[in-house]
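# Working through the structure, step by step
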Amino acid sequence: MSYKTILIHVNNERNLPRLLEAATALACRDQSHLIGLSAVPPVFIPPATDMIAAVPGMIETHRDAYRLEEARMRAIFETATQDAASPGSFTAEWRSVDTGIHQTVFDVIVPVARAADLVVASQADPKWLSTGMLDIADQLATDSARPVLVIPNAPRAPFATKRILVAWNGRREATRAVFDAVPILKHADEVRVLWLDPQASSESGDLPTADICAALARHGVRCEGAIGSTTNMAAGETLMFEAAKFGWDLVVMGCYGHSRLREFILGGATRDVLQKMTVPVLMSH
């Protein structure tokens, strides 16, 4: 198992080097095809204005600014992939799409994401004006049906996958995440499968992670099971605490939530991790 097609959602010049560091490392290892995909955002009407009152130039201002940034991001992408790729290691291509008026960034990114083995995206930046329009890591995780590697905004150590923490509760989302992560897990030096619900136990009395650890071992994954306590902390906070305390390189977890009419509402643990993440997180729904 390997990630033969890796998609990077490129939307922010500040975060692009971190995305490229992770994506090129995985692409080199798996001899992948790496796609950098940028979407010019849709027409934006500033708050407190309407289409009639908005000046045409104002409507296009943010799109023109993004196009300029996109040109710089393409240059960064092409330079980084050329420098990282040794002969025969991986291939790369740049794609740009324009959402226009009737589509969102999500509308044009997801069809490409569904044809990839792995999607790499940035954590949402609440200080960024375009958050909600360009930052769609959570939507990619819930709707693309592909694993999404979310890279945190906070500066951190170089990207690595030697020590990995897996959040396990036996649910469908966690199952998808664990097996979607096998191409990374099988190359790790240390994998800890952490059960975060000490109130639940198997009828046989075995450690709740025993079966999943055995299944991973058959894929060549060196792993150990453990039980964690969420006392006084939510599950998402516990995961980030564990990751920081023990210096894990990567967290693997299910992406949880439910639909309410046409909107997908993230579960508490997923929301907490996406907001407070300090290490890369691979999510699947």
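Refer to the structure presented above.
These remarks concern the structure in this document. Every value quoted in this text rests on a predicted model; they were computed, and no experiment measured them. (Residues numbered from 1 in each chain as written. Predicted model: local features only at pLDDT ≥ 70, side-chain atom pairs only at ≥ 80, totals over all residues. Heavy atoms only, no water.)

## Some words on the sheet that holds strand 7 (residues 190-195)
Here we have ten strands laid out as an open sheet, ordered 3-2-1-4-5-12-9-6-7-8, and mixed in their pairing. Each edge of the open sheet is held by one strand with a lone partner, namely strand 3 (91-98) and strand 8 (223-227). On average, adjacent strands in this sheet sit at an angle of 20° to one another, irrespective of strand direction. Across eight bridges, the pairing between strand 2 (residues 33-40) and strand 3 is parallel. Among the inter-strand pairings, H33 is bridged to a residue of strand 3, identified as T91. Each of strand 6 (163-168), strand 7 and strand 8 touches helix 7 (residues 210-217); the most contacted strand, strand 8, lies at about 165° to it. Packed onto the sheet, helix 8 (residues 235-246) meets strand 6, strand 7, strand 9 (250-254) and strand 12 (281-284) and runs at close to 160° relative to strand 6. (Pairing = 2+ DSSP bridges. Helix = DSSP H or I, 4+ residues; strand = E, 2+ residues; numbered from the N terminus. Axes fitted to C-alpha atoms, helices over the stretch in contact; angles between N-to-C directions. Contact = heavy atoms within 4.5 Å.)

## As for the pattern of salt bridges
Applying the stated criterion across every chain yields a total of 15 salt bridges. Across the pair E78 and R74 runs a salt bridge whose closest N-O atoms are separated by 2.8 Å. With E78 and R74 both in helix 2 (residues 56-84), this residue pair falls four residues apart, about one helical turn. Across the pair E173 and R172 runs a salt bridge, and its minimum N-O distance is 3.6 Å. One salt-bridge network, held together by shared partners, links R63, D64, R67 and D98. (Salt bridge = Lys/Arg side-chain N within 4 Å of Asp/Glu carboxyl O.)

## So, the side chain of R63
Summarising the element assignment, R63 is placed in helix 2. We classify R63 as buried; its relative accessible area is 5%. From its side chain, R63 meets the backbone oxygen of P41 in a polar contact 2.6 Å long. (Buried < 20%, exposed > 50% of the residue type's maximum accessible area, 1.4 Å probe, protein only. Polar contact = N/O pair within 3.5 Å; in protein donor to acceptor, adjacent residues only side chain to side chain.)

## A word on the nonpolar core
Judged by nonpolar contacts, the single largest core of 85 residues is most densely connected at I6, I8, V120, L140, L149, I164 and L239. Apart from residues no more than four positions distant in its own chain, L239 is found in contact with L165, A167, L194, L196, M253 and V273. (Core = buried A, V, L, I, M, F, W, Y, C linked by side-chain atoms within 4.5 Å.)

## Some details on the pairing of strand 4 (residues 118-122)
With five of five residues buried, strand 4 lies mostly within the body of the structure. Here strand 4 shows a buried face lined by L118, V120 and S122 and a second buried face lined by V119 and A121. Across three bridges, the pairing between strand 1 (residues 5-10) and strand 4 is parallel. Its bridge partner lying in strand 4, I8 is registered against V120. In the sheet, strand 4 pairs with strand 5 (residues 148-151) via four bridges, with the strands oriented parallel. Among the inter-strand pairings, V119 is bridged to a residue of strand 5, identified as V148.

## A few points about helix 3 (residues 105-113)
A large share of helix 3 lies buried, amounting to seven of its nine residues. Restricting attention to buried positions, one finds in helix 3 the residues V105, F106, V108, I109, V110, V112 and A113. In the core, the buried residues of helix 3 are packed alongside strand 1, strand 2, strand 3, strand 4 and helix 4 (137-143).

## Looking at the layout of surface pockets
When its volume is computed, the second largest pocket comes out at roughly 230 Å³. As for the second largest pocket, its lining consists of twelve residues, and the residues nearest its centre are N169, L196, A235, Y256 and A269. Looking at the lining of the second largest pocket, its residues break down into eight nonpolar, two polar and two charged. (1 Å grid on protein atoms, 1.4 Å probe; cavity = no way out; pocket = protein on both sides within 12 Å on 5 of 7 lines; lining within 4 Å. Points joined across faces, edges and corners; volume = space filled by probe spheres on them. Nonpolar A, V, L, I, M, F, W, Y, C, P; charged D, E, K, R; others polar.)

## Focus: unusual backbone geometry
Glycine aside, negative phi is the norm for most residues, and most peptide bonds take the trans geometry. A positive phi angle, near 55°, is found at Q31, a position not held by glycine. One non-glycine residue, A145, lies in the positive phi region at around 65°. By secondary structure assignment, the location of A145 is in the loop between helix 4 and strand 5.

## Remarks on the packing of aromatic side chains
Centre distance and the angle of the planes are the two values used to describe a pair of aromatic rings. Here the structure, examined in full by the defined rule, presents one aromatic pair. The ring of W248 has R163 sitting right over it, with the charged end atom 4.2 Å from the ring centre. Across the ring face of F246, the terminal group of R192 is positioned such that the distance to the ring centre comes to 5.5 Å. (Phe/Tyr/Trp six-rings, centres within 6.5 Å; stacked < 30°, edge-to-face > 60°. Lys NZ or Arg CZ within 6 Å of the ring centre and 35° of its normal.)

## Looking at the environment of L207
Tracing the backbone through its elements, the reader meets L207 in the loop between strand 7 and helix 7. Counting along the chain gives 20 residues from L207 to I227, while the straight-line C-alpha distance between them is 8.1 Å.

## Quick notes on the environment of L165
By the element assignment, L165 lies in strand 6. On the accessibility criterion, L165 (0% relative accessible area) is buried. Counting along the chain gives 58 residues from L165 to C223, while the straight-line C-alpha distance between them is 9.6 Å.

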